[in-house]
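Read off the chains here:
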Amino acid sequence: MQGRVVIRSRSRRDAERGATSVQVLVILVPVLFAFMGFAFDLGRLYLIRGELKTAASAMALAAAGRLNGTELGATDASAAARLAIGNESDQFGNRYDFGGRVIGATTGNLSSEAPDPALFDTLASALGTNDAAGGQVSGSAARYVRVTLRADAPLTFWGFLSLGVDRRTPVAAVAV
């Protein structure tokens, strides 16, 4: 008795199942890469905001430590705030974007601002919660400091969308 060889052809259902998985793969791979790119940009934005917040806090603490109720105290507070972030020449200052960009400098199409600290007489006015509490004051009446840092964060993947056409977005940090 000889053995029989049975050759089964693939059913149409099996062929359709394979074609469907290829279609799903073609659709899902770009979507997966898009999500990974957006996660990368979002993580970078949070990192830059954290670096700016750290620098703003350092500036605010340094400036507040110099306030002594005199006009000279206000001048010293601004100088101490500047010293807290250093400058480009001494390579000591606080930086952002993975430590690659100096705060207060412009590099390519990315810029950052580190203005002098604003001085206030009440905490409510420094926090900006009470407009009637008053605005900025001179050095002799100053008891609180507010530092606001702004910087452009580069966009890698969001730059492909219409909202990121400049390939950058502003990020700000405030410390009182």
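The structure under discussion appears in the preceding block.
Residues numbered from 1 in each chain as written. Predicted model: local features only at pLDDT ≥ 70, side-chain atom pairs only at ≥ 80, totals over all residues. Heavy atoms only, no water.

Caption draft 1: Examining the overall build of the protein more closely. The number of helices and strands found in the protein is 3 helices and 7 strands. Along the protein, helices (α) and strands (β) appear in the sequence α-α-β-β-β-β-β-α-β-β when read from the amino end. When the 176 residues of the protein are sorted by exposure, 30% land in the buried category. Long-range contacts, defined here as pairs at least 24 residues apart, represent 58% of the contacts in the protein between residues at least 6 apart. Accessible surface, the protein: about 11,400 Å² in total, of which carbon and sulfur atoms supply 59%. (Helix = DSSP H or I, 4+ residues; strand = E, 2+ residues; numbered from the N terminus. Buried < 20%, exposed > 50% of the residue type's maximum accessible area, 1.4 Å probe, protein only. Contact = heavy atoms within 4.5 Å. Areas by Shrake-Rupley, 256 points an atom, 1.4 Å probe, with all protein chains shown as cover.)

Caption draft 2: Just the pairing of strand β4 (residues 110-113), in detail. Burial along β4 is one-sided: L110 and S112 are buried, while S111 and E113, pointing the other way, are not. Here strand β3 (residues 106-107) pairs with β4 via 2 bridges, running antiparallel. Bridge assignment links T107 to a residue of β4, and that residue is L110. Counted along the chain from β3 to the antiparallel partner β4, the turn is 2 residues long, and its residue G108 has a positive phi close to 60°. (Pairing = 2+ DSSP bridges.)

Caption draft 3: Region of interest: the pairing of strand β6 (residues 144-154). The element β6 is extensively covered by neighbouring structure, given that 8 of its 11 residues are classed as buried. Relative to β6, β4 runs antiparallel, the two sharing 2 bridges. If you follow S112 over to β6, its bridge partner there is A151. Sheet analysis places strand β5 (residues 118-120) next to β6, joined by 3 bridges and oriented antiparallel. Each bridged residue has a counterpart across the sheet, and for L119 the counterpart in β6 is V145. Note that β6 and strand β7 (residues 168-175) share 8 bridges and pair antiparallel. Opposite V147, over in β7, you have A175 as the bridge partner.

Spatial relationships are all this shows, so hold off on functional conclusions.
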